Amino acid sequence: MRKILHAAAALALAAVAATTAGASGARAADGSWDGCPYGAVCVYAQDADTSRPPTDVFWSYGAHNLRNQIGRHWVLNNQSGGAHAHLCTGSNGAGCGEDLAAQTGVYADLTPINSITLDRP
């Protein structure tokens, strides 16, 4: 049982590291995070790290349809006040899955993702 608990803990730690590696986590004085303005959700270029400017910046709550986003991309949720973002397989916010809490990011395959929602806390 002890080995199983250690393995589960190691797996959980690896999953957390995988979702934050690549995003430096460095916040500027204005609250921006790796070029993503405070209060926004940002998508970065395919297979690029977050040292380059984001290709898409979303500010308003609701669904935002993606276009021509294939492969792996960084998605940073730099919203405030506990607002979440969701990656959705359908257009206009349908089929939402992965939940991104405020101040978190994920390196995700956006090929099956057709929209991102920004949701009020």
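Whatever comes next refers back to the structure up there.
As a starting point, this report considers the structure included with it. Here the structure is a predicted model, which is why all the values come from computation and not from measurement.

The rules behind each value
- Residues numbered from 1 in each chain as written.
- Predicted model: local features only at pLDDT ≥ 70, side-chain atom pairs only at ≥ 80, totals over all residues.
- Heavy atoms only, no water.
- Helix = DSSP H or I, 4+ residues; strand = E, 2+ residues; numbered from the N terminus.
- Buried < 20%, exposed > 50% of the residue type's maximum accessible area, 1.4 Å probe, protein only.
- Contact = heavy atoms within 4.5 Å.
- Areas by Shrake-Rupley, 256 points an atom, 1.4 Å probe, with all protein chains shown as cover.
- Pairing = 2+ DSSP bridges.
- Axes fitted to C-alpha atoms, helices over the stretch in contact; angles between N-to-C directions.
- Phe/Tyr/Trp six-rings, centres within 6.5 Å; stacked < 30°, edge-to-face > 60°.
- Core = buried A, V, L, I, M, F, W, Y, C linked by side-chain atoms within 4.5 Å.
- Polar contact = N/O pair within 3.5 Å; in protein donor to acceptor, adjacent residues only side chain to side chain.

### Considerations on the overall build of the protein
In step 1: Scanning the protein from N- to C-terminus turns up 1 helix and 8 strands.
In step 2: Relative to its full complement of 121 residues, the protein shows a buried share of 36%.
In step 3: Contacts in the protein between residues at least 24 apart in sequence constitute 64% of all its contacts with a sequence separation of at least 6.
In step 4: When the accessible area of the protein is evaluated, it comes to approximately 6,700 Å², of which 58% is carbon and sulfur surface.

### Some details on the sheet that holds strand 7 (residues 104-109)
In step 1: Reading across the sheet, the 4 strands line up as 2-1-4-7 and stay open at both edges, with antiparallel pairing between neighbours. Strand pairing shows two members of the sheet lacking a second neighbour, strand 2 (56-58) and strand 7, which therefore form its edges. Taking each pair of neighbouring strands and ignoring which way they run, the sheet shows an average axis angle of 15°.
In step 2: Pairing between strand 1 (residues 41-43) and strand 2: 3 bridges, direction antiparallel. Paired with Val 43 across the two strands is Asp 56, which belongs to strand 2.

### A word on the packing of aromatic side chains
In step 1: Scanning all chains against the criterion turns up 1 aromatic pair.
In step 2: Here the aromatic rings of Trp 74 and Tyr 107 are separated by 5.3 Å at their centres, their planes lie at 40°, and the arrangement is tilted. Note that Trp 74 is positioned in strand 4 (residues 72-77) and Tyr 107 in strand 7, a separation of 33 residues in sequence.

### Structural notes on the nonpolar core
Nonpolar side chains in soluble globular proteins tend to end up buried together.
In step 1: Residues Val 75, Leu 87, Leu 110 and Ile 116 are the most contacted members of the largest nonpolar core, which totals 14 residues.
In step 2: Elements with a minimum of two residues in this core: strand 1, strand 5 (84-88), strand 7 and strand 8 (115-119).
In step 3: Ignoring sequence-local partners within four residues, the contact set of Leu 87 consists of Val 75, Gly 95, Cys 96, Gly 97, Glu 98, Val 106, Ala 108, Leu 110, Ile 113, Ser 115 and Ile 116.
In step 4: Listed in part, the 7 residues of the second largest apolar core include Ala 40, Tyr 44, Trp 74 and Leu 76.

### Focus: the side chain of Thr 50
In step 1: Take Thr 50: it is sitting in the loop between strand 1 and strand 2.
In step 2: Polar contacts involving the side chain of Thr 50 include one to the side chain of Asp 34, which spans 2.8 Å.

### Thoughts on the environment of Trp 59
In step 1: Mapped onto the elements, Trp 59 comes out in the loop between strand 2 and strand 3 (62-65).
In step 2: The sequence separation of Trp 59 and Cys 42 amounts to 17 residues, and the corresponding C-alpha distance is 9.0 Å.
In step 3: Setting aside residues no more than four positions away along its own chain, Trp 59 makes contact with Pro 37, Tyr 38, Gly 39, Ala 40 and Leu 118.

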